[in-house]
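An overview of the molecular structure
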Amino acid sequence: MIVGDLLHLDDLDIRLAWGTPELLARQITGVTSTDLQDPARYLQPGELVLTGLVWWQPEDGSAALRFATALRSARVAALMAGEGTHGAVPSGLAEACRTHGIPLLAVPAGTSFRAVTDRVYLRLWGGLQAGVQDAAAIPEAARRELAGLIDSGARAAEVLAHAVSRLGVPECSVSTTGGRVIAELPPAAASAPPAGRATGTGAGTNPGTGTALPVGPQENSPFDGWLLHGGPAAEGSATPMLRGLADLLAPLAARAHAEAAARRQAAGRLLGLLAGDGPADLAEALAACGLPAEGPLVTVAARIDGGPDDWAAHALAEALHPLGVPFAAGTDPAGRTAALVAAPAARVAERLRRARPALQARLSGRRSLRAGVGPASAAAAGPLRAALVQARYVLAGAAGPVGSTAELDSLAGLLRGIPPEVTAAFHTRLLAPLATHDRENAVSLLGTLTVFLDHDGSWARTAESLHIHVNTVHYRIRRIEELTGRNLARLQDRLDLRAALLCAPAGR
């Protein structure tokens, strides 16, 4: 398929914004949807890139040129830009594509990216793959039936069931590379390997799990590609047929990827409204995300330390899907990932804790997935903004990888969300005189203060715990009060010193 063929796809109304006949003759090898400002590392040569232009801001005069530069460095075939977000393809983007020799096509607001990806992959995999050896392992009649099902909008489970009944391939299942099962036959014989063991980069066989084959292109994150699994009984002579089936299922993977990208874009627009300070009418944005207009909604903040911003949104979607409730997960204009979920906060936190090990196993190096669950709130700008602040606070200070505002029930839990630079300064400001004393003397006043507060200011229990006379406790406490300027008979001063002890830097 060449770029120029896109202009002749029935009913899609795709228009040429800029391009030359030579550029329109470029071959297309795949499709990727993205709204990253710099997607170069996720792109492959010859791909058709679809973007909803969420990254483009009119006030940033260089954004279009940076985006086009990234596309040229990846040697993509063409760019398709949706007009739904801004009403038209920006003239600056057309000029940037002209500068870098990238054909630019406009997708009208009434045409979904799903329709585009479906048509492209049906051409790439349904038609062109007919001559490939593995695809030829599927009888022509069965291939036509399966392609017809896919073209009619059938879901993966229906297509897989038909393939198994027509081809006799046993123990088939389809999962995301994040480990979420999409379709499985028979239901009791799940053959998908644990998420951390699937490479997502090519065919491979794991002992006891069978064959895992990529379905369509493996997309921008470790979580959103598709894999076709065949159990041990499907190995050997059935492998070419499985590869042909994986090729035929590729349009479904492309459709799912386009739908997921559209959901993330809708969620990003909603989060963008919440990122502002002023009043916001959320009704339309909530409806676009499929969220209830009145709530309650639970907020979730997430990040992947050392990973791209949008990966966390992909991971959240993988984790939240099994809840079976409406949710929206995306990234706001500042690059912060969050989700709104129509489920109780305790259920959301429990689901994230259960899903995290498999998702974490997909991450390499020191990358770490973390999440903070906020409270439930009404679906209005003010309450949702406040709930997001709480979720992000928990994300910053949770003791474990998944925290919840329900756990903010102690001074220690509250202090964990404060930046360490601030808590360290507070610790030093209140307790530096005691630290200096302890470095120069054998008696630890910091230790005495800790034990005294741990025993609720009891002189006798402090003396018993430290194995000293109660008069010695009185002497040390007077010395602590002299050095800190605080009166340990006052509750306020006790609270200040307790907080300062809790703010000690890690390892001190």
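Here is a short report on the structure shown in this document. (Residues numbered from 1 in each chain as written. Predicted model: local features only at pLDDT ≥ 70, side-chain atom pairs only at ≥ 80, totals over all residues. Heavy atoms only, no water.)

1. With respect to the overall build of the protein chain
- When you go through the protein chain residue by residue, the secondary structure sums to 18 helices and 15 strands.
- Split into buried and exposed, the 508 residues of the protein chain put 50% on the buried side.
- When contacts within the protein chain are restricted to residue pairs at least 6 apart in sequence, those whose partners lie at least 24 apart make up 66%.
- Counting only carbon and sulfur atoms, one obtains 54% of the accessible surface of the protein chain, whose full area is about 22300 Å². (Helix = DSSP H or I, 4+ residues; strand = E, 2+ residues; numbered from the N terminus. Buried < 20%, exposed > 50% of the residue type's maximum accessible area, 1.4 Å probe, protein only. Contact = heavy atoms within 4.5 Å. Areas by Shrake-Rupley, 256 points an atom, 1.4 Å probe, with all protein chains shown as cover.)

2. A short note on a nonpolar patch on the surface
- Residues Leu-408, Leu-411, Leu-414 and Leu-502 make up a contiguous nonpolar surface patch of roughly 290 Å² in combined accessible area.
- By the secondary structure assignment, Leu-414 is in helix α13 (residues 411–415). (Patch = residues over 30% accessible without salt bridge, like charges linked within 9 Å, V, L, I, M, F, W, Y side chains within 5 Å. Salt bridge = Lys/Arg side-chain N within 4 Å of Asp/Glu carboxyl O.)

3. Let's talk about helix α12 (residues 381–397)
- Taking 1.5 Å per residue as the helical rise, α12 with its 17 residues ought to reach 24 Å, and the 24 Å between its terminal C-alpha atoms agrees with that figure.
- Ala-381, Leu-384, Arg-385, Ala-387, Leu-388, Ala-391, Val-394, Leu-395 and Gly-397 are the residues of α12 that are buried.
- Next to the buried residues of α12 lie α8 (239–275), β11 (297–305), β13 (337–341), β14 (368–377) and β15 (402–404). (Expected span 1.5 Å × (residues − 1).)

4. Quick look at the sheet that holds β15
- Read across the open sheet, the five strands follow the order β12-β13-β11-β14-β15; overall the sheet is mixed. Taken across any chain shown, the strands that pair with only one partner, and hence form the sheet edges, are β12 (327–331) and β15. With strand direction ignored, the average angle separating the axes of adjacent strands in the sheet is 15°.
- By the bridge criterion, five bridges tie β12 to β13 in an arrangement that is antiparallel. Counted as the bridge partner of Thr-331 is Thr-337 from β13.
- The strands that helix α10 (residues 309–320) touches are β11, β12, β13 and β14; relative to β12, the one it contacts most, it runs at about 165°.
- Against the sheet, α12 touches β11, β13, β14 and β15, its axis set at about 145° to β14. (Pairing = 2+ DSSP bridges. Axes fitted to C-alpha atoms, helices over the stretch in contact; angles between N-to-C directions.)

5. What about the side chain of Thr-405?
- Residue placement: Thr-405 occurs in the loop between β15 and α13.
- The exposure class assigned to Thr-405 is buried, which follows from its relative accessible area of 16%.
- Not counting residues within four places of it along the chain, the set of residues in contact with Thr-405 comprises Val-373, Gly-374, Pro-375, Gln-390 and Val-394.

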